[in-house]
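# Structure at a glance
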Amino acid sequence: MELVILMGLQASGKSTFFREYLAATHVWVSKDLMRNNRNKSRRQIQLIENALQAGHSVAVDNTNPAVLDRMALIDIGRTYNAKIIGYYFESIVSDCLARNQKRSGKSQVPDIAIYATLKKMVLPSYGEGFERLFSARIADNFTFEVKTLPPDKVIHGQSDI
Ligand SMILES: Nc1ncnc2c1ncn2[C@@H]1O[C@H](COP(=O)(O)OP(=O)(O)OP(=O)(O)O)[C@@H](O)[C@H]1O
Ligand SMILES: [Mg+2]
């Protein structure tokens, strides 16, 4: 049983990746499903818990930019002994803005939302509790280039900054 956490800017390809590679095996949990819910984070935890309790693997498809966003998810995954796996969607802001412009309806977000996520985005590390961590990048023809992220850098002594 897995808890997969997708991380990346809006229009970096997370939902497309989910549909292509995870939809057959993982329950989709996303705040996009909950436009009218007042406490989306709590509802999301509930949905993850329901799935894991029933023995289903789950993928959480949000931008998940901050360590704190991820911590709550990792905690719940650990409670149910799920394997915690992360995919970080590498992207260039201008590409995300352009792909976002091409989307229609509710899937299009204001540019400022992408900049706000960029500001909050912290690269994931194994130290947060991920057992496996990958980077995923949109390649040509609707494919993704997926690589294992290297181990966390251990900083010895004090930094110069
Ligand atoms: N591998 C790919 N090759 C080409 N285009 C892609 C690829 N993946 C996604 N796209 C396009 O980029 C746009 C954004 O993708 P997607 O909706 O999957 O992003 P997202 O990360 O889920 O965004 P959000 O966080 O806003 O939900 C879509 O219009 C999609 O068609
Ligand atoms: Mg999406």
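Look a little higher up for the structure.
Residues numbered from 1 in each chain as written. Chains lettered and ligands numbered in written order. Predicted model: local features only at pLDDT ≥ 70, side-chain atom pairs only at ≥ 80, totals over all residues. Heavy atoms only, no water.

## Some thoughts on the packing of helix H2 (residues 40-53) against helix H3 (residues 67-79)
For any two helices packed against each other, one specifies the inter-axial angle together with the distance between the axes. This is how the line gets drawn: Interaxial angles span 0 to 180 degrees and are taken between N-to-C directions of axes, which are lines fitted to C-alpha atoms, for helices over the stretch in contact. Note on conventions: DSSP H or I runs of at least 4 residues are helices, E runs of at least 2 residues are strands, and numbering of each starts at the N terminus. Relative orientations are named as follows: roughly parallel for angles under 35 degrees, roughly antiparallel for angles over 145 degrees, roughly perpendicular for angles from 65 to 115 degrees, and oblique for any other angle. In this scheme, a crossing is called left-handed if the near helix is turned counterclockwise away from the far one by less than a right angle; it is called right-handed if the turn is clockwise. The contact rule is simple, with two residues in contact once any of their heavy atoms fall within 4.5 Å. Classification used: nonpolar for Ala, Val, Leu, Ile, Met, Phe, Trp, Tyr, Cys and Pro, charged for Asp, Glu, Lys and Arg, polar for all others including Gly.
The geometry of H2 relative to H3 is characterised by a closest axis approach of 10 Å and an angle of 25° between their N-to-C directions. In terms of axis orientation, H2 runs roughly parallel to H3. Between H2 and H3 lies a crossing of right-handed hand. Residues Gln-44, Ile-45, Ile-48, Glu-49 and Leu-52 of H2 form the contact with H3, whose participating residues are Ala-72, Leu-73, Ile-76 and Gly-77. Its residues placed into classes, the contact of H2 with H3 shows six nonpolar, two polar and one charged.

## Some words on the layout of surface pockets
Our working rule: Lining residues are those with an atom within 4 Å of a point, where the points come from a 1 Å grid over the protein atoms alone and group into cavities, where a 1.4 Å probe fits but cannot get out, or pockets, open sets with protein on both sides within 12 Å along at least five of seven lines. Grid points are joined across faces, edges and corners, and a volume is the space filled by probe spheres set on the points.
The space that makes up the largest pocket amounts to roughly 1,200 Å³. Lining the largest pocket are 40 residues, and of these Gln-10, Ala-11, Lys-14, Asp-32 and Arg-103 sit closest to its centre. The set of elements that each furnish at least two residues to the lining of the largest pocket consists of helix H1 (14-22), H2, H3, helix H4 (93-102) and helix H5 (111-120). Estimated volume of the second largest pocket: approximately 220 Å³. For the lining of the second largest pocket, a count of residues per class yields eight nonpolar, one polar and three charged.

## Some remarks on the sheet that holds strand E5 (residues 132-138)
The cut-off we apply is this: When DSSP finds two or more bridges between two strands, those strands count as paired.
The six strands are arranged E2-E3-E1-E4-E5-E6 in an open sheet whose pairing can be described as mixed. One side of each edge strand has no neighbouring strand; the edge strands of this open sheet are strand E2 (26-29) and strand E6 (144-148). Sheet twist, expressed as the average angle between the axes of neighbouring strands with direction ignored, equals 25°. Two strands pair when backbone bridges link them, and strand E4 (residues 83-90) and E5 are joined in this way by six bridges, in the parallel orientation.

## Overview of the site of ligand 1
Note the following rule: For this purpose, a residue is taken to be near a molecule or strand whenever a single non-hydrogen atom of the residue falls within 4 Å of it. Counted as a polar contact is a pair of N or O atoms within 3.5 Å, where, for protein atoms, one must be capable of donating a hydrogen and the other of accepting one, and residues adjacent in sequence contribute only when both atoms are in side chains. All accessible-area figures derive from a Shrake-Rupley calculation using a 1.4 Å probe, and residue coverage is judged against the displayed protein chains alone. Grid points define the cavity or pocket, and a molecule sits in it when more than half of its atoms lie within 2 Å of them.
The full set close to ligand 1 counts 16 residues, and Ala-11, Lys-14, Ser-15, Thr-16 and Arg-103 are the nearest of them. Within the contact set of ligand 1, an oxygen atom lies 2.7 Å away from a side-chain nitrogen or oxygen of Lys-14. Within the side chain of Arg-103, a nitrogen or oxygen atom sits 2.9 Å from an oxygen atom of ligand 1. When ligand 1 is considered free in solution it has 630 Å² of accessible area, and contact with the protein chains removes 81% of it. Among the detected pockets, ligand 1 sits in the largest pocket. Among the elements that line the shell around ligand 1, the one with the most residues is H1, at three residues. A class-by-class count of the residues in the shell around ligand 1 yields six nonpolar, six polar and four charged.

## Considerations on the nonpolar core
Defined as follows: Nonpolar core, defined: a set of buried Ala, Val, Leu, Ile, Met, Phe, Trp, Tyr and Cys residues in which side-chain atoms within 4.5 Å join the residues together. Only protein chains enter the calculation, and the probe is 1.4 Å; a residue is then buried if its accessible area is under 20% of its type maximum, exposed if over 50%, and partly exposed in between.
Judged by nonpolar contacts, the single largest core of 20 residues is most densely connected at Leu-3, Ile-5, Ile-48, Val-58 and Phe-130. Elements that contribute at least two residues to this core include exactly strand E1 (2-8), H2, strand E3 (57-61), H3 and E4. What Val-58 contacts, discounting residues up to four positions off in sequence, is Glu-2, Leu-3, Val-4, His-26, Val-27, Val-29, Ile-48, Ala-51 and Leu-52. Counting twelve residues, the second largest nonpolar core, distinct from the first, contains Leu-6, Ile-85, Ala-136 and Phe-144.

## Regarding the environment of Leu-149
Relative to the assigned elements, Leu-149 resides in the segment after E6. Between the C-alpha atoms of Leu-149 and Arg-132, which are 17 residues apart in sequence, the distance is 8.3 Å. Those residues within four positions of Leu-149 in sequence are excluded, and the remaining contacts are Pro-124, Tyr-126, Leu-133, Phe-134 and Ser-135.

## Details of the packing of H4 against H5
At a minimum axis separation of 10 Å, H4 and H5 run at an interaxial angle of 145°. The crossing of H4 and H5 is right-handed. Between H4 and H5, the contacting residues are Val-93, Cys-96, Leu-97, Asn-100 and Gln-101 on the first element and Asp-111, Ile-114, Tyr-115 and Leu-118 on the second.

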